[in-house]
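Reading the structure
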Amino acid sequence: MTSLQVEYLLDIVMLCFGILFLIRFKKPIGSNFASVFRFFSVGVIILVLNHFFDTAFLADFLKKTGHVNDFFQASIIHRVVNLIGLSIMVAGYFKLLRLSEKEQEVDKAKTEFVSLVSHQLQTPLTIIRSYTDLLLEGSVGKLNKEEGEFIKNIKNSSDRMSQLVKSYLNVSRIDLNTFSIEPESVDIISIANQNLKSFAEQIKKKKLKIIKNFDKKILIINADPKIINIVFQNLISNAIKYNQIKGKIEISVTKKDLDILIVVKDDGYGIPKNQQDKVFTKLFRGDNVVQKVREGTGLGLYIIKSVLERIQGKIWFESEENKGTSFSVLLPIETKPRKGTKNLL
């Protein structure tokens, strides 16, 4: 073994000891992302500076300051500094990887907890809704006007809570990647009309004008009806919620090559330009509507985008504040099945 090989071997041994020492003892590194990243950055800076100021420069500098008169000693110092910098950088890198893994584990635990709680809430909410329906139907006796209003308020609140629970369950199934896709022959126009019918009361209350442009040539497509329903339900709900009194909503379903194009357009509040990049993130609601519209989870668009990405679909939008928003969805005519442990709601 040559002297050069011996030197390289010693470098590797010293480097390994340095990395193990730094990883083993938490104090010099820290335990949060910011402190670990700073530690990692220090190692990078040391390496860059050590590379920039070579051994000859260091020897000359040390000679002038009277610390070292020998070039060999300067080369040893240069090499040790290089090893220290490399040890710090590598130790920091491994620590960052560990923190990243821990954060992923924590996120997964949070998502599983939300899924569990949401699932447990479903049963009592179903019971409340069933009993309020029986009361409103007069199954246990006729209600007076005031009693009827009270029961309606309970039903509306339980319906909103039930929708919230469904949204959280869908988000958890998307984040855990456990949801299945089960395509079947579906009438997409029929699903669009069913959703419009389900919002009839809200549409009437706001005196909204609905304009439908449905391509009659589109009869049956192969898709998961739950996904189609999620798309229409959330887009129509948003168009109603974030619209003015006597506003207008345009809904179109047309064929575009091998895809179906769905467009839901309103002339409502619109989305502020400086917030449009956050539209598809969890819990997003525009600053211009938070005070005007109390209802809304900020999860619907995140769910739509996440699900569409799994079936090679797309969603995009155009919006101008106080003029309205237009959401466009591109769905494949043929959706591929996907195995999973849970169904979307």
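Now for a quick tour of the structure. Just so you know, the residues in each chain are numbered from 1, in the order the chain's sequence is written. A pLDDT threshold of at least 70 governs which residues receive local features in this predicted model, and a stricter bar of 80 or more applies before side-chain atom pairs are shown or counted, although totals over entire chains, interfaces and linings include all residues. No hydrogens and no water enter the side-chain calculation; it runs on all heavy atoms of the structure.

Stacked, edge-to-face and tilted are the three classes for Phe, Tyr and Trp ring pairs, Trp counted by its six-membered ring, which pair at centre distances within 6.5 Å; planes under 30 degrees apart are stacked, over 60 edge-to-face, the rest tilted. On inspection of all chains with the given rule, the structure shows 3 aromatic pairs. Ring geometry for Phe-280 against Phe-327: centres 6.4 Å apart, planes inclined by 80°, an arrangement best described as edge-to-face. With Phe-280 in the loop between strand E5 (259–266) and helix H9 (300–310) and Phe-327 in strand E7 (residues 324–332), this pair connects stretches of sequence that are 47 residues apart. In this structure, Phe-280 and Phe-327 share a single accessibility class: buried. Consider the rings of Phe-317 and Phe-327, whose centres lie 5.4 Å apart with planes at 35°: the pair is tilted. Note that Phe-317 is positioned in strand E6 (residues 314–320) and Phe-327 in strand E7, a separation of 10 residues in sequence. Helix numbers and strand numbers start at the N terminus; a helix is a DSSP run of H or I with at least 4 residues, a strand a run of E with at least 2. Exposure categories follow from relative accessible area, calculated using a 1.4 Å probe and restricted to protein chains: below 20% of the type maximum is buried, above 50% is exposed, and the middle band is partly exposed.

All right, on to a nonpolar patch on the surface then. Patches were defined on residues exceeding 30% relative accessible area and lacking a salt bridge, with like-charge contacts within 9 Å and nonpolar side-chain contacts (Val, Leu, Ile, Met, Phe, Trp, Tyr) within 5 Å. Computed with a 1.4 Å probe, the accessible areas rest on the Shrake-Rupley method; for each residue, only the protein chains presented here act as cover. For this analysis, a salt bridge means a side-chain nitrogen from Lys or Arg found within 4 Å of a carboxyl oxygen belonging to Asp or Glu. Taken together, the side chains of Ile-127, Tyr-131 and Leu-134 present a nonpolar region at the surface, about 310 Å² in accessible area. In this fold, Tyr-131 is placed in helix H4 (residues 71–137).

Time to look at helix H8 (residues 225–241). An expected span of 1.5 Å times one less than the residue number is assigned to each helix. Taking 1.5 Å per residue as the helical rise, H8 with its 17 residues ought to reach 24 Å, and the 24 Å between its terminal C-alpha atoms agrees with that figure. Counting buried positions along H8 gives 13 out of 17 residues, so the element sits mostly inside the fold. For this analysis, a polar contact is any N or O atom pair within 3.5 Å, provided that within protein one partner can donate a hydrogen and the other can accept it, and provided that sequence-adjacent residues contribute only side-chain to side-chain pairs. Of the residues that open H8, the one with a side-chain oxygen 2.9 Å from the backbone nitrogen of Lys-226 is Asp-224.

Where charged atoms from two side chains of opposite charge come close, those side chains can pair. Taken as a whole and judged by the stated rule, the model has 9 salt bridges. Among the ionic pairs, Asp-159 bridges to Lys-155, the shortest N-O distance being 3.0 Å. Of this pair, Asp-159 and Lys-155 both sit in helix H5 (residues 145–175), 4 residues apart, which is roughly one turn of that helix. Where Asp-175 meets Lys-282, a salt bridge forms, and the shortest distance between an N and an O atom there is 2.5 Å. Of this pair, Asp-175 sits in helix H5 while Lys-282 sits in the loop between E5 and H9; the two residues are 107 residues apart in sequence, bridging distant segments of the chain. Assessed through its relative accessible area of 30%, Asp-175 is described here as partly exposed. Judged by its relative accessible area of 41%, Lys-282 falls in the partly exposed class. Through salt bridges with shared partners, a single network forms among Arg-129, Asp-133, Lys-155 and Asp-159.

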